[in-house]
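Tertiary structure, described
Now for the letters of each chain:
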Amino acid sequence: MTTVTGFDGYLDPLDEAECRRLLAAQSVARIGFEAHGRQFILPVAIATDGNTVVFTTSEQSVLAQLRTGADVALQTDEYDASFLDGWSVLVDGRTFPYEGDVRPEVWASGHDGVAIGVTIRGISGRAISAPLHLEDT
């Protein structure tokens, strides 16, 4: 059996092109925003349309209020625990009522009535990689 005896990882910034490539390949993200005097971070299904991240929701969801325009943060990532590596991409954006043709896959029926776009104002990311020191036991 091999066990990890040390972790001396590296955090490396990702350039904008790589951040956009990784974001476009994802179907799930978390969106952070303020509503009703509280902070929310909720998972959303996403798709990208150029400089816009698109998600849909129901009319009754707290997310629906974002169609009127709000500053948001949107984050997506991948992590492989077996190799102790992964990446994270963070979008700084502004929401608007989306009227294009791109739509993410809907998770639950009835959650596709309101389409919201997030204009990407800023995007950043980082990758983590860990050189492992392995020891046979």
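Quantities reported herein were computed from a predicted structural model and do not represent experimental measurements.

So, how was this worked out
- Residues numbered from 1 in each chain as written.
- Predicted model: local features only at pLDDT ≥ 70, side-chain atom pairs only at ≥ 80, totals over all residues.
- Heavy atoms only, no water.
- Helix = DSSP H or I, 4+ residues; strand = E, 2+ residues; numbered from the N terminus.
- Buried < 20%, exposed > 50% of the residue type's maximum accessible area, 1.4 Å probe, protein only.
- Contact = heavy atoms within 4.5 Å.
- Core = buried A, V, L, I, M, F, W, Y, C linked by side-chain atoms within 4.5 Å.
- Polar contact = N/O pair within 3.5 Å; in protein donor to acceptor, adjacent residues only side chain to side chain.
- Salt bridge = Lys/Arg side-chain N within 4 Å of Asp/Glu carboxyl O.

1. Regarding the overall build of the protein chain
Along its length, the protein chain carries 1 helix and 10 strands. Here the protein chain, with 137 residues, has 36% of them falling under the buried criterion.

2. Structural notes on the side chain of Thr52
Structurally, Thr52 is set in strand E6 (residues 52-57). Take Thr52: its relative accessible area is 12%, and that puts it in the buried class. In this structure, Thr52 is in contact with Ala47, Phe96, Tyr98, Gly117 and Val118, ignoring residues within four places of it in sequence.

3. Brief notes about the nonpolar core
The biggest cluster of nonpolar side chains holds 27 residues, and the ones touching the most others in it are Leu23, Ile31, Phe33, Phe55 and Leu66. Secondary structure elements with two or more residues in this core: helix H1 (16-24), strand E3 (28-35), strand E4 (38-45), E6, strand E7 (71-80), strand E8 (85-97) and strand E9 (114-129). Setting aside its immediate chain neighbours within four residues, Phe55 contacts Ile31, Val44, Ala45, Leu63, Leu66, Pro104, Val114, Ala115, Ile116 and Val118.

4. Some points on the side chain of Thr95
If you trace the backbone, Thr95 turns up in strand E8. Among the polar contacts made by the side chain of Thr95, one reaches the main-chain carbonyl oxygen of Leu66 at a distance of 2.4 Å. Within the local environment of Thr95, its side chain forms a polar contact with the backbone nitrogen of Ala70, the two atoms lying 2.8 Å apart. With near-sequence residues (within four places) excluded, Thr95 lies in contact with Leu66, Gly69, Ala70, Val72, Ile116, Gly117 and Val118.

5. Overview of the pattern of salt bridges
Scanning all chains against the criterion turns up 7 salt bridges. For Glu16, the salt bridge identified is with Arg20, shortest N-O distance 2.9 Å. Of the two residues, Glu16 and Arg20 are both situated in helix H1; the distance of 4 residues between them amounts to about one turn of the helix. For Glu16, a relative accessible area of 46% translates into the label partly exposed. We classify Arg20 as partly exposed; its relative accessible area is 27%. Salt-bridge contacts for Glu59 lead to Arg67; the nearest nitrogen and oxygen are separated by 2.4 Å. Assessed through its relative accessible area of 46%, Glu59 is described here as partly exposed. Beyond isolated ion pairs, a larger network of salt bridges with shared partners links Asp71, Asp92, Arg94 and Arg121.

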